[in-house]
Amino acid sequence: HITKNAHFHQLLSDDYLVARPGVVDVCQRALSSGISLGLVSTTNLASINAILRNVGGLSSSMFDLISSAQIGFAQKPDPAAYCYALRTLGITASDAIAIEDNGAGAQAALRAGIQFPAFPGANTADLDFGNANYFRQDGPVPRLFGRFAA
């Protein structure tokens, strides 16, 4: 695991990673519409911060909440991290949208009662995304459940 993390951080510092198509757009549209953003992850905070520093279009200042493994929740598909985010942001699941890129995260969102679009990458496109409300492959970002226009 230590070797994997070191390799991941090296890739980030080499400007290797970019956000999945549509993700930054969704975040920016949400912000311009006055919608709060939370980054709900069960990975370590150092990796989250490295991503936010090195992937263009993303920054920690965009998010009203950033949760990580350091909070101590079980790994996704357990919904605890999403439930924590809902409580902390003071919203209900019906007022939230989760953006997920993997099957475990999709299951966690569903278990927390949160609608979500799936933005899979090459390494996760074949995974089970359950009842994703939208499955991103190509094309423009859709209207997301009436909250903001594409």
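How each quantity is defined
Residues numbered from 1 in each chain as written. Predicted model: local features only at pLDDT ≥ 70, side-chain atom pairs only at ≥ 80, totals over all residues. Heavy atoms only, no water. Helix = DSSP H or I, 4+ residues; strand = E, 2+ residues; numbered from the N terminus. Buried < 20%, exposed > 50% of the residue type's maximum accessible area, 1.4 Å probe, protein only. Polar contact = N/O pair within 3.5 Å; in protein donor to acceptor, adjacent residues only side chain to side chain. Contact = heavy atoms within 4.5 Å. Core = buried A, V, L, I, M, F, W, Y, C linked by side-chain atoms within 4.5 Å. Arc of directions from axis to C-beta.

A. How the structure looks around the side chain of lysine 76. As for its placement among the helices and strands, lysine 76 is situated in the loop between strand E2 (65-67) and helix H4 (80-89). Residue lysine 76 is classed as buried on the basis of its relative accessible area, which comes to 15%. Separated by 2.8 Å, the side chain of lysine 76 and the backbone oxygen of valine 40 make a polar contact. Side-chain polar atoms of lysine 76 contact the side chain of glutamate 100, separated by 3.1 Å. Setting aside chain neighbours within four positions, we find lysine 76 in contact with Val40, Ser41, Thr42, Tyr82, Glu100, Ala104, Gly105 and Ala108.

B. Broad picture of the environment of isoleucine 91. Among the secondary structure elements, isoleucine 91 is positioned in the loop between H4 and helix H5 (103-111). Residue isoleucine 91 is classed as partly exposed on the basis of its relative accessible area, which comes to 31%. The contact partners of isoleucine 91, leaving out residues within four places of it in the chain, are Leu86 and Ala96.

C. Quick look at the nonpolar core. In this structure, Val40, Tyr82, Leu86, Ala98, Ala109, Ile114 and Phe116 are the most contacted members of the largest nonpolar core, which totals 16 residues. The element contributing the most residues to this core is H4, with four residues. Contacts of tyrosine 82, omitting those with residues within four sequence positions, involve Val40, Lys76, Ala98, Ile99, Glu100, Gly105, Ala108, Ala109, Ala112 and Ile114. Counting 12 residues, the second largest nonpolar core, distinct from the first, contains Val23, Val24, Cys27 and Leu39.

D. Up close: helix H3 (residues 45-54). By the burial criterion, the buried members of H3 are Ser47, Ile48, Ala50 and Leu52. The backbone nitrogen of alanine 46 has a side-chain oxygen 3.1 Å away, supplied by the residue at the start of H3, namely asparagine 44.

E. Quick peek at H4. Restricting attention to buried positions, one finds in H4 the residues Ala81, Tyr82, Ala85 and Leu86. Down the axis, H4 shows its buried residues gathered within 140° of arc, on one side only. Taken together, the buried residues of H4 touch strand E1 (38-40), E2 and H5. Following H4 by one or two positions, glycine 90 adopts a phi angle in the positive range, close to 70°.

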